[in-house]
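Per-entry structural report
Residues per chain are reported as follows:
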There are 2 protein chains.
Amino acid sequence: MATEAGKKRGRRPGASVTRQKVLDAARACFAREGYAAATIRKIAGEAGVDAALVMQFFGSKEELFAAVMSISPEALARFGAAFDGSAEGIGERVTRAYLDLWEGDPADSEPLLAMLRSAITNERAAEQLREFVQARLWDASGDKASVVRAGIASTMLIGVVLGRRVIRVPALVAEDRESIVAAVAPAIQVVLAPTTGS
Amino acid sequence: MATEAGKKRGRRPGASVTRQKVLDAARACFAREGYAAATIRKIAGEAGVDAALVMQFFGSKEELFAAVMSISPEALARFGAAFDGSAEGIGERVTRAYLDLWEGDPADSEPLLAMLRSAITNERAAEQLREFVQARLWDASGDKASVVRAGIASTMLIGVVLGRRVIRVPALVAEDRESIVAAVAPAIQVVLAPTTGS
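Residues numbered from 1 in each chain as written. Chains lettered and ligands numbered in written order. Predicted model: local features only at pLDDT ≥ 70, side-chain atom pairs only at ≥ 80, totals over all residues. Heavy atoms only, no water.

In the nomenclature of an unreviewed UniProt entry, chain A corresponds to DNA-binding transcriptional regulator, AcrR family from the organism Paractinoplanes atraurantiacus.

Here, the residues flagged by UniProt with the feature "domain: HTH tetR-type" (unreviewed entry) are residues 16–76 of chain A. Here residues 16–76 of chain A is 82% helix and 0% strand, with 26 Å between the C-alpha atoms at its ends. (UniProt positions renumbered as here; feature names shortened; annotations may be inferred. Helix = DSSP H or I, 4+ residues; strand = E, 2+ residues; numbered from the N terminus.)

Listed per partner, the contact involves 46 residues of chain A and 46 residues of chain B. Taken together, the connections running from chain A to chain B amount to zero salt bridges. When residues of the side of chain A that touches chain B are traced back to their parent elements, those giving at least two are α2 (14–37), α8 (106–118), α9 (123–139), α10 (144–165), α11 (170–173) and α12 (177–192) of chain A. Counting residues per element, the side of chain A that touches chain B draws most heavily on α10 of chain A, which supplies 13 residues. (Contact = heavy atoms within 4.5 Å. Salt bridge = Lys/Arg side-chain N within 4 Å of Asp/Glu carboxyl O.)

Next up on the list: the relation of the copies chain A and chain B. Comparison of the two chain copies shows a relationship of rotation about an axis with a shift along it. Superposition record for chain A on chain B: RMSD 0.0 Å, screw rotation 180°, translation along axis 0.0 Å. Expressed as a symmetry operation, the mapping of one chain copy onto the other fits a two-fold axis. (Least-squares fit on C-alpha atoms with pLDDT ≥ 70 in both.)

You'll often see interface size given as the accessible area lost when the parts meet. All names here are of chain A. Partitioning chain A into structural domains gives domain 1 (13–68) and domain 2 (73–192). Placing the centre of domain 1 and that of domain 2 at their C-alpha centroids yields a distance of 27 Å. Facing 13 residues of domain 1, the contacting portion of domain 2 comprises 13 residues. The largest contributions to the domain 1 side of the interface with domain 2 come from R27, A31 and F65, which together make up 47% of the buried area. Along the contact surface separating domain 1 from domain 2 lie one salt bridge. One can count four residue pairs in polar contact (both at pLDDT 80 or more) joining domain 1 with domain 2. Listed by contribution, the elements that provide at least two residues to the side of domain 1 that touches domain 2 are α2 and α5 (61–68). (Domains from an automatic or database assignment. Buried area = accessible area lost by both parts, 1.4 Å probe. Polar contact = N/O pair within 3.5 Å; in protein donor to acceptor, adjacent residues only side chain to side chain.)

Moving on to the packing of aromatic side chains. Residues and elements named next belong to chain A. Tallied over the entire structure, the rule returns eight aromatic pairs over all chains. Where F30 meets Y35, the ring centres are 5.9 Å apart and the plane angle is 5°; that geometry is what we call stacked. The same class applies to F30 as to Y35, namely buried. Grouped by ring-pair contacts, the aromatic residues F30, Y35 and F65 constitute a single cluster. We note K61 situated over the ring of Y35; from NZ or CZ to the ring centre the distance is 4.5 Å. (Phe/Tyr/Trp six-rings, centres within 6.5 Å; stacked < 30°, edge-to-face > 60°. Buried < 20%, exposed > 50% of the residue type's maximum accessible area, 1.4 Å probe, protein only. Lys NZ or Arg CZ within 6 Å of the ring centre and 35° of its normal.)

Our next topic: helix α8 (residues 106–118) of chain B. Residues and elements named next belong to chain B. Here α8 is 13 residues long and its end C-alpha atoms lie 17 Å apart, about the 18 Å a rise of 1.5 Å per residue gives. The element α8 is extensively covered by neighbouring structure, given that eleven of its 13 residues are classed as buried. If you check which residues of α8 are buried, you get D108, S109, E110, P111, L112, L113, A114, M115, L116, R117 and S118. (Expected span 1.5 Å × (residues − 1).)

Counting residues in each nonpolar core, the largest one holds 133 residues, and the members touching the most others are W102 of chain A together with W102 of chain B. In contact with W102 of chain A, not counting residues within four places along its chain, are S109, L112, L113, L116, L129, F132, I158, V161 and R165 of chain A. (Core = buried A, V, L, I, M, F, W, Y, C linked by side-chain atoms within 4.5 Å.)

Residues and elements named next belong to chain A. Among the residues of helix α6 (residues 73–81), those classed as buried are A75, F79 and G80. Angular distribution of buried residues about the axis of α6 spans 135°; they occupy a single face of the element. When the buried face of α6 is taken as reference, the exposed residues oriented beyond 90 degrees from it are P73, E74, A77 and R78. (Arc of directions from axis to C-beta.)

Residues and elements named next belong to chain B. Across the interface, helix α10 (residues 144–165) lies against helix α12 (residues 177–192) with an axial gap of 10 Å and an inter-helix angle of 160°. One element, α10, and the other, α12, form an angle in the roughly antiparallel class. Considering only the axes of α10 and α12, their crossing is right-handed. Across the interface between the two elements, R149, A150, I152, A153, M156, L157, V160 and R164 of α10 pack against R177, I180, V184, I188, V190, V191 and L192 of α12. Its residues placed into classes, the contact of α10 with α12 shows twelve nonpolar, no polar and three charged. (Axes fitted to C-alpha atoms, helices over the stretch in contact; angles between N-to-C directions. Parallel < 35°, antiparallel > 145°, perpendicular 65-115°, else oblique. Left-handed = near helix turned anticlockwise from the far one by under 90°. Nonpolar A, V, L, I, M, F, W, Y, C, P; charged D, E, K, R; others polar.)

As a further point, take unusual backbone geometry. All names here are of chain A. Positive phi values are uncommon outside glycine, yet R168 reaches one of about 55°. Checked against the element boundaries, R168 lands in the loop between α10 and α11. A relative accessible area of 34% places R168 in the partly exposed class.

This paragraph deals with the pattern of salt bridges. Opposite charge on two side chains permits them to pair, given that their charged atoms come into close proximity. All names here are of chain A. Under the defined criterion, the tally for this structure stands at 18 salt bridges over all chains. Measuring nitrogen to oxygen at the nearest pair gives 2.7 Å for the salt bridge that ties R32 to E46. Note that R32 is positioned in helix α2 and E46 in helix α3 (residues 40–47), a separation of 14 residues in sequence. Residue R32 is classed as partly exposed on the basis of its relative accessible area of 40%. With a relative accessible area of 41%, E46 lands in the partly exposed category. For R96, the salt bridge goes to E178, with nearest N and O atoms at 2.5 Å. Here the residue R96 occupies a position in helix α7 (residues 90–103), and E178 occupies one in helix α12, the gap between them amounting to 82 residues. For R96, a relative accessible area of 27% puts it in the partly exposed group. Here the salt bridges share partners, and the residues they tie into one network are R32, E33, K42 and E46.

Here is the structure:
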C-alpha cells in the first residue's frame with residue numbers, strides 16, 4: 001500500500017518499498033548506535049539510497065526517529081497481560097515478558113533498544129522510554145508504594161537488558177534466557193509482591 | 001602542583017589550574033550528554049577556555065575522555081567492602097554502596113554516569129563499564145552461578161540508577177535514597193544469596 005505522502009506526490013508504487021527500506025535501516029541503526037551517533041548519511045548508506053531521498057521522505061533525523069519508535073499493539077498487549085492475574089508468579093511472568101519483548105522479535109525489540117540507546121542524548125527518546133515504564137505504573141494498584149515498586153521492577157529489568165545487550169557483560173551474555181529468568185524472577189517477585197515470598 | 005606535561009613544556013603554574021578546569025567541565029559534560037554528544041567545543045566553552053587549548057592539553061576527545069574516567073581508589077575500596085562479610089544483609093550493603101557511589105559525590109558519580117551515557121557509542125566506555133561490573137564478579141565465590149548472580153545484581157542496580165538519573169521516571173526521582181534502598185535491597189538479597197531469604 002502506498003503511503004499518504006506517496007499518493008499525494010504521485011510517486012510510483014516502488015516508493016513505499018524504498019520508504020520501508022529506509023525505516024528498516026533507521027530502526028537498526030538507531031538501535032545499534034543511539035540517536036546521536038546514527039546519521040542520515042549512515043542510514044541512507046545502509047538502505048542503499050541517497051541521503052537526499054531520506055530527507056525528502058522524512059524531513060529530519062528527529063522525524064525519522066519518531067517514525068521508527070513504535071512497538072506493535074500486539075506486543076504491548078502480550079506485555080501488559082503479564083502484569084494481570086494473581087500476585088503469585090507475577091515475578092516470573094513480568095521477567096519473561098520483559099525479556100521476550102526486549103530480546104525477541106527485532107520488529108519490537110529494536111525500537112526499544114533504540115529508545116534506550118537514544119534516551120541519553122535525545123529528550124524525545126527519554127520521554128518515550130519514561131512513558132513505556134510509566135504505562136506499566138498506571139496498572140499498578142494505585143497506592144504510591146505500588147507505583148514505586150512497579151517502577152523499580154521495570155528499571156531493574158531494563159538494567160539486565162542493558163547488561164546483556166549494551167554493556168555486554170560476558171557472564172550475562174553467555175547465559176540463555178531461561179537461566180536469566182530463573183535468577184531474576186524471584187527478585188522481581190520480591191519487588192512487586194513483597195508479601196507473597198519468592 | 002604542576003602536571004608533568006606542564007613542567008616539561010615550562011608552563012606557568014596557572015596551566016595546571018586551567019587543565020583542572022577543563023577536566024571538571026569534561027567530566028560534567030560527558031556525564032550529562034554522553035560521549036557522542038559532548039564536543040570539545042562545548043567542553044571548552046564550559047571551562048571558559050579556547051577549544052585549541054583543550055586539544056593542546058589532551059590531543060583528542062578520546063584521550064580527554066580517558067583522562068576523566070577515573071574513580072577514586074577510596075570510593076572503590078568502600079564499594080568493594082560492601083561485598084565482603086556475611087551473606088546476611090548483603091542485599092542492603094550492596095544496594096546502599098551502589099547508590100552511594102552512583103548518586104553521591106560528583107567526583108566519583110560523574111565518571112560512572114559518563115561511562116554509562118557513553119557506553120552506547122564508545123567502545124572504551126563500554127569496556128570500562130564492563131570492567132567495573134566484572135571487578136565485582138571476581139570477588140564472587142568463584143562458581144559460575146555466583147558470577148552470574150553478581151552480574152545480575154550489578155546490572156539491576158545500574159538499571160535503578162538509569163531510571164532515576166537518565167530516564168528520570170518521576171515516581172523514582174521523587175523517592176529519597178532510603179526508600180529506594182528499602183524497596184530494592186530485599187531483591188538484591190534474593191539474587192546474591194538466594195538461600196538466606198530476604
